[in-house]
Amino acid sequence: MLVEFDVKDPRHLRWAVELWNEAAGSEIPITERFLRYNCTEDVGVARGGRFALAQGRRVGYLLCSACPSAPPSMRTDVTGWIEAIAVAPPFQRQGIGRTLLEWAEGWLASQDASTAGSTRLPGQGAAGLEEAAKRQSVGRIRVGGGLRPFVPGPLAGSATEAFFLACGYERDEEPLSWDVARSLSDYQPPPLSDVPGAARPGQPGQEALLLDFLAREFPGRWLWQAERFLEAGGRISDYMLLWTDEGVHGSCRLTFEDSVSPIDRFFPYGLARPWAQLGSIGVSQRLRGRGLGLHLLDAGLRRLHNSGINGCVIDWTTILDFYAKCGFQPYRTWTQLSRSLESGE
């Protein structure tokens, strides 16, 4: 039997945390603060969830999300995300997870159907609109990796990965991503060349400059997340801004233990405290290849080191060689899984 998961009900959040931690073990536990943050109501984002009941108790749950009114810059072939799924170990392998997943696939299909093919993207002719409609009407469901991600995907080699593969989900073309980590207690800058720029913490009054940069260069997820961060009262100083003679041409987000976005979301528990997270990080496209990205990364890491940070995580990346220049090594490996919504009907 399935019943609604009300993300505004503190009891439901508490039950979900307990179920996740019972199912996931000690490597990637979540907290109520983590869950409340990830279930924040966002304009244009639809979230749904169900608890599974058995023997008079809640034994599992699933949360999923969709962005049916996404702006053009955020539209992809992804219809929605399976954000979280957990079944208490004594009740696993009894079809409960599949029942929850089938409900989520139907719910996501209903979100997709309400908007498929309804909007023409800028500069898109009739043929392009027809092709976009085909993509949207089929769509894909991704495991993890939503706008407020719980995880990028299942842990590689985990029972969760095996479950989704058995349910018809497939590894993406680039199937793996990583969290990388290191202690910053002994951080030393890598060899750096002179660059035409300087990185400094953002200052009050510079919020619009950050958003203008992201709207120009990273108008999808990174802009959306920065807007939500600032709306929630996040400190502009949690962003390092890269300045050139032409203004802001790069940004690097930092998460501290007292930031608006909970550090818990990056599962730093195997590292020595104090903790911090770094990312997203990027520079203007036309200035890439000049060493500015490494300069910005080093500036962020030196700031964390000088603030007394020890354990530092950079989450959900595929560019291991870039972060290795500053001593980061793989810490956790995620599998990227999805399936066609059409095949899930």
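Structural data are supplied above this passage.
Reading the values: the criteria
Residues numbered from 1 in each chain as written. Predicted model: local features only at pLDDT ≥ 70, side-chain atom pairs only at ≥ 80, totals over all residues. Heavy atoms only, no water. Helix = DSSP H or I, 4+ residues; strand = E, 2+ residues; numbered from the N terminus. Rg over C-alpha atoms; globule rule 2.2 N^0.38 Å. Buried < 20%, exposed > 50% of the residue type's maximum accessible area, 1.4 Å probe, protein only. Contact = heavy atoms within 4.5 Å. Areas by Shrake-Rupley, 256 points an atom, 1.4 Å probe, with all protein chains shown as cover. Lys, Arg positive; Asp, Glu negative; His and termini not counted. Charge placed at Lys NZ, Arg CZ, Asp CG, Glu CD. 1 Å grid on protein atoms, 1.4 Å probe; cavity = no way out; pocket = protein on both sides within 12 Å on 5 of 7 lines; lining within 4 Å. Points joined across faces, edges and corners; volume = space filled by probe spheres on them. Nonpolar A, V, L, I, M, F, W, Y, C, P; charged D, E, K, R; others polar. Axes fitted to C-alpha atoms, helices over the stretch in contact; angles between N-to-C directions. Parallel < 35°, antiparallel > 145°, perpendicular 65-115°, else oblique. Left-handed = near helix turned anticlockwise from the far one by under 90°. Salt bridge = Lys/Arg side-chain N within 4 Å of Asp/Glu carboxyl O. Core = buried A, V, L, I, M, F, W, Y, C linked by side-chain atoms within 4.5 Å.

Moving on, we get to the overall build of the chain. Along its length, the chain carries nine helices and twelve strands. For 345 residues, the compact-globule formula gives about 20 Å, and the C-alpha radius of gyration of the chain, at 21 Å, lands near that figure. Across the 345 residues of the chain, 52% fall into the buried class. Counted over contacts in the chain with a minimum sequence separation of 6, partners at least 24 positions apart contribute 75%. Carbon together with sulfur atoms contributes 50% to the accessible area of the chain, which is approximately 15600 Å² in total. Here the chain carries 36 positive and 40 negative side-chain charges, and the mean point of each set is 2 Å from the other.

Our focus in this paragraph is empty space enclosed by the protein. Empty space among the atoms can be located by rolling a probe the size of a water molecule over them. Scanning the model with the defined rule gives one cavity of 30 Å³ or more in all. Roughly 60 Å³ of internal volume is contained in the largest cavity. Asn38, Cys39, Arg47, Gly48, Leu63, Cys64, Glu83, Arg148 and Phe150 together form the lining of the largest cavity. When grouped by side-chain class, the residues that make up the lining of the largest cavity number four nonpolar, two polar and three charged.

Our next topic: the layout of surface pockets. Each pocket or cavity is described by its volume, and for the second largest pocket that value is around 850 Å³. Lining the second largest pocket are 34 residues, with Ile85, Gln92, Ala159, Thr160 and Phe163 positioned closest to its centre. Elements represented by at least two residues in the lining of the second largest pocket include exactly helix H1 (10-24), strand S4 (78-87), helix H3 (96-113) and helix H5 (159-166). When grouped by side-chain class, the residues that make up the lining of the second largest pocket number 22 nonpolar, eight polar and four charged.

This part takes up the packing of helix H6 (residues 207-217) against helix H7 (residues 221-231). Look at H6 against H7: their axes get within 9 Å of each other, and the N-to-C directions meet at 160°. With respect to H7, the axis of H6 lies roughly antiparallel. In terms of crossing hand, the pair formed by H6 and H7 is left-handed. Facing H6, whose interface residues are Glu207, Leu211, Leu214 and Ala215, H7 presents Trp222, Leu223, Ala226, Glu227 and Leu230. Classifying every residue of the contact of H6 with H7 gives seven nonpolar, no polar and two charged.

Inspection of every chain in the model, using the stated rule, returns 18 salt bridges. Between Arg332 and Asp179 there is a salt bridge, and its shortest N-O distance comes to 3.1 Å. Of this pair, Arg332 sits in strand S12 (residues 329-340) while Asp179 sits in strand S6 (residues 170-183), and the two are 153 residues apart along the sequence. You'll find Arg332 and Asp179 in the same group, each marked buried.

Glancing now at the environment of Leu230. Here Leu230 lies in helix H7. What makes Leu230 buried here is its relative accessible area of 19%. Considering only alpha carbons, one finds Leu230 and Leu301, 71 residues apart in sequence, at a separation of 22 Å.

With that out of the way, let us pick up the nonpolar core. By size, the foremost hydrophobic cluster in this structure holds 47 residues, and its most contacted members are Tyr61, Leu62, Ile82 and Tyr169. Secondary-structure elements contributing two or more residues to this core are H1, helix H2 (32-38), strand S2 (46-54), strand S3 (57-66), S4, H3, strand S5 (140-143) and S12. In terms of residue count, H3 provides more of this core than any other element does, eight residues in total. Apart from residues lying up to four places away in sequence, Leu62 is in contact with Gly48, Gly49, Arg50, Ile82, Ala84, Ile85, Leu100, Leu101, Trp103 and Ala104. The next biggest cluster of nonpolar side chains, apart from the first, holds 29 residues, and it includes Leu254, Leu287, Ala299 and Leu304.

All we've got here are geometric facts, nothing functional implied.
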